[in-house]
Amino acid sequence: MRRVVVPSPVMMVAFTLLLSGTLASRAAAQERVGDFVVVMDRDELDDSNRSYIFTAAVNDTGNRTVGLAWKCMEDGLNILILFGTYFGGDADDEIQVRYRFDDGEPSDIQYWPLLQGNESAYMPMHLIRGFTEQALGAGRVVVRVTDPLDGETLTDTFDLRGLGGALQRLLPCS
């Protein structure tokens, strides 16, 4: 039986704060597409697309707020992982990330820069297209994040049903 995770109000607020970049975020249009919440938003200054989609982890995450997101930002489409606990990172403020789609081979270790607050990180731009293409053909992805500072490792699973439709609503990032 498939477990459906509905983001809690706390998770919605956490994602809104993380992904909007402002505490005074305007009310943005939201809808659900498969396993994803789609939040349509525009920059107040230049009307550029600042929309995002996210899905919550399906495994037991304890008290952590955990999610995977695609977000339109100034530099285009970005992918973010919210792991919901403080990571110190390495000397370059990066963490180690590996992932596996369905029953495929796990990725090599990648280094993702931490975002402000050190409870989330973003994928380097040159990896986004390949990751997204794999995600579109998969049912789920398992993501493992490791803090190089102390070796703390977290592994979370995300269902990807509806990603194609959610991305259609999100794109283009302009």
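As a reminder, the structure under discussion sits directly above these lines.
Residues numbered from 1 in each chain as written. Predicted model: local features only at pLDDT ≥ 70, side-chain atom pairs only at ≥ 80, totals over all residues. Heavy atoms only, no water.

J.: Before we move on, can you summarise the pattern of salt bridges with the specific residues and values?
T.: The tally for this structure, following the rule as stated, stands at 3 salt bridges. Arg 169 is paired through a salt bridge with Glu 31; the nearest N and O atoms lie 3.1 Å apart. Here the residue Arg 169 occupies a position in helix H3 (residues 163-170), and Glu 31 occupies one in strand S1 (residues 29-33), the gap between them amounting to 138 residues. Its salt-bridge partner being Arg 64, residue Asp 156 comes within 2.9 Å of it at the nearest N-O pair. With a gap of 92 residues between them, Asp 156 in strand S10 (residues 153-159) and Arg 64 in the loop between strand S3 (52-56) and strand S4 (67-73) connect regions that are remote in the sequence. (Salt bridge = Lys/Arg side-chain N within 4 Å of Asp/Glu carboxyl O. Helix = DSSP H or I, 4+ residues; strand = E, 2+ residues; numbered from the N terminus.)

J.: Residues and numbers for the packing of helix H2 (residues 125-136) against H3, please.
T.: Where H2 meets H3, the closest approach of the two axes is 9 Å, and the angle between their N-to-C directions is 135°. Regarding the angle of H2 to H3, the classification is oblique. Across the interface between the two elements, Thr 132, Ala 135 and Leu 136 from H2 touch Leu 163, Gly 164 and Leu 167 from H3. Broken down by class, the residue content of the contact of H2 with H3 amounts to 4 nonpolar, 2 polar and no charged. (Axes fitted to C-alpha atoms, helices over the stretch in contact; angles between N-to-C directions. Parallel < 35°, antiparallel > 145°, perpendicular 65-115°, else oblique. Contact = heavy atoms within 4.5 Å. Nonpolar A, V, L, I, M, F, W, Y, C, P; charged D, E, K, R; others polar.)

J.: Explain the state of the cysteines to me, using residue names and the numbers behind them.
T.: The final tally for this structure, using the stated rule, is 1 disulfide. Here Cys 72 pairs with Cys 173 through a disulfide, and the sulfurs are 2.0 Å apart. One quick way to see it: the torsion about the S-S bond of Cys 72 and Cys 173 is about -70°, and its sign makes the bridge left-handed. One end of the pair, Cys 72, is in strand S4; the other, Cys 173, is in the segment after H3, and 101 residues separate them in sequence. For Cys 72, a relative accessible area of 0% gives the class buried. Judged by its relative accessible area of 23%, Cys 173 falls in the partly exposed class. (Disulfide = S-S within 2.5 Å. Buried < 20%, exposed > 50% of the residue type's maximum accessible area, 1.4 Å probe, protein only.)

J.: Describe the sheet that holds strand S7 (residues 110-113), and please don't skip the residues or the numbers.
T.: Paired through their backbone hydrogen bonds, the strands of a sheet run either parallel or antiparallel. If you trace the 4 strands from one edge of the open sheet to the other, you get S7-S6-S9-S10, paired in antiparallel fashion. Pairing within the sheet leaves two strands with one partner each, and these edge strands are S7 and S10. Pairs of neighbouring strands in the sheet enclose a mean axial angle of 35°, with direction left out of account. Contacts from H2 reach strand S6 (94-101), S7 and strand S9 (140-146) within the one sheet, and its direction differs from that of S6 by about 30°. (Pairing = 2+ DSSP bridges.)

J.: Got a sec to walk through the side chain of Arg 64? Specific residues and values, please.
T.: On the basis of relative accessible area, Arg 64 is assigned to the buried category, the value being 17%. Side chain to side chain, Arg 64 and Asp 156 meet in a polar contact 2.9 Å long. Excluding residues that lie within four positions of it along the chain, Arg 64 makes contacts with Phe 83, Gly 84, Thr 85, Leu 154 and Asp 156. (Polar contact = N/O pair within 3.5 Å; in protein donor to acceptor, adjacent residues only side chain to side chain.)

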